[in-house]
Every structure is written in C-alpha cells, then in structure tokens.
Amino acid sequence: QVRLVESGGGLVQAGGPLRLSCAASGSIASLNAMGWYRQAPGKQRELVATITSGGTTNYADSVKGRFTISRDNAKKTVYLQMDSLKADDTAVYYCNAEYVTTWPPKGQSRWGQGTQVIVSS
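Residues numbered from 1 in each chain as written. Predicted model: local features only at pLDDT ≥ 70, side-chain atom pairs only at ≥ 80, totals over all residues. Heavy atoms only, no water.

Novice: Pulling in residues and values, what's your account of the sheet that holds strand β8 (residues 77-82)?
Specialist: Spatially, four strands are ordered β1-β3-β8-β7 in an open sheet, and the strand pairing comes out antiparallel. On the outer flanks of this sheet lie β1 (3-7) and β7 (67-72), each paired with one strand and no other. With strand direction ignored, the average angle separating the axes of adjacent strands in the sheet is 15°. (Pairing = 2+ DSSP bridges. Helix = DSSP H or I, 4+ residues; strand = E, 2+ residues; numbered from the N terminus. Axes fitted to C-alpha atoms, helices over the stretch in contact; angles between N-to-C directions.)

Novice: Describe the packing of aromatic side chains, with residues and values.
Specialist: The tally for this structure, following the rule as stated, stands at one aromatic pair. An angle of 70° between the planes, with centres 5.0 Å apart, marks the rings of tyrosine 37 and tryptophan 111 as edge-to-face. Note that tyrosine 37 is positioned in strand β4 (residues 28-39) and tryptophan 111 in strand β10 (residues 107-111), a separation of 74 residues in sequence. With a relative accessible area of 38%, tryptophan 111 lands in the partly exposed category. When the ring centre of tyrosine 79 is taken as reference, the NZ or CZ atom of arginine 19 above it lies at 4.1 Å. Positioned above the aromatic ring of tryptophan 111, the side-chain terminus of arginine 45 is 4.5 Å from the ring centre. (Phe/Tyr/Trp six-rings, centres within 6.5 Å; stacked < 30°, edge-to-face > 60°. Buried < 20%, exposed > 50% of the residue type's maximum accessible area, 1.4 Å probe, protein only. Lys NZ or Arg CZ within 6 Å of the ring centre and 35° of its normal.)

Novice: I'd like a description of the pattern of salt bridges, backed by residues and values.
Specialist: Enumeration over the complete set of coordinates arrives at four salt bridges. Aspartate 89 serves as the salt-bridge partner of arginine 66, at 2.8 Å between the closest nitrogen and oxygen. Linking arginine 66 in the loop between β6 (57-59) and β7 with aspartate 89 in the loop between β8 and β9 (91-101), this pair joins segments that are 23 residues apart in sequence. We note that arginine 66, like aspartate 89, is buried. Within the structure, one salt-bridge network assembled from shared partners comprises Arg38, Glu46, Arg66 and Asp89. (Salt bridge = Lys/Arg side-chain N within 4 Å of Asp/Glu carboxyl O.)

Novice: Quick one: what's the story with the state of the cysteines, residue by residue and with numbers?
Specialist: Evaluated as defined, the whole model comprises one disulfide. Here cysteine 22 is linked by a disulfide to cysteine 95, with a sulfur-sulfur distance of 2.1 Å. Its S-S torsion of approximately -80° makes the covalent link between cysteine 22 and cysteine 95 left-handed. Highlighted residues: cysteine 22 in strand β3 (residues 18-25) and cysteine 95 in strand β9, separated in sequence by 73 residues. Each of the two residues, cysteine 22 as well as cysteine 95, counts as buried. (Disulfide = S-S within 2.5 Å.)

Shown next as structure tokens:
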C-alpha cells in the first residue's frame, strides 16, 4: 500500500510564506513525477506545480515567481515553498505522485489527503 502524507498547511497572513511537504511511503520501486494541486471552495481542482524525477519543473502562471517546488528523491518527499501568499491562494492543497510499484511492477498514481491553506488579507 502506497501512502502520501502531506503536512505544513495552516493559516498565514497575506504576503507571508508557508512550506508544504508530502512524503511517499510503501511499495514504490520508482517515484516519477510529483506535483501539487489545489482546490478552492466552489472551484475545480487545478495544477499548481509539478516536478519530474530529474528535476524539471512546471508552474501554473498564477504562482510563477512566488512558489517553488522541489523534491528529495532519497526521502521520497516533495516540497512546495510558497512565498508572497495572496488571499486567492486559499485552498486545500493536494499532493500527487506517479510511481511504479515493486511487485507486480505497475504504473500508478495516488493523491494525498489534502492540507488546508488559508491566507488572511
């Protein structure tokens, strides 16, 4: 069983920073792309940032220059450093990971449980 456990959400004032973490565990042979998505009340889930196993990153236009995604492959953990937060960044943030299981080898994708981020203006 593969699990993704997120942490680091909370309440922060506009303009402040926050750092999210997502640790993967379980029967993972290889961990491929990882990413962060968010869902605000009444809106669809949207991509925030992704990072490949080789470190190539991709960001939503709304967070470029403010958010930084990174990963530690040895720890099977992905991070999202969020700076200059705005009220519009308020949402539940979800981690996603694409991986191959140990046995039988199979490509899978999994979501974390989500962590709430509230930015007060």
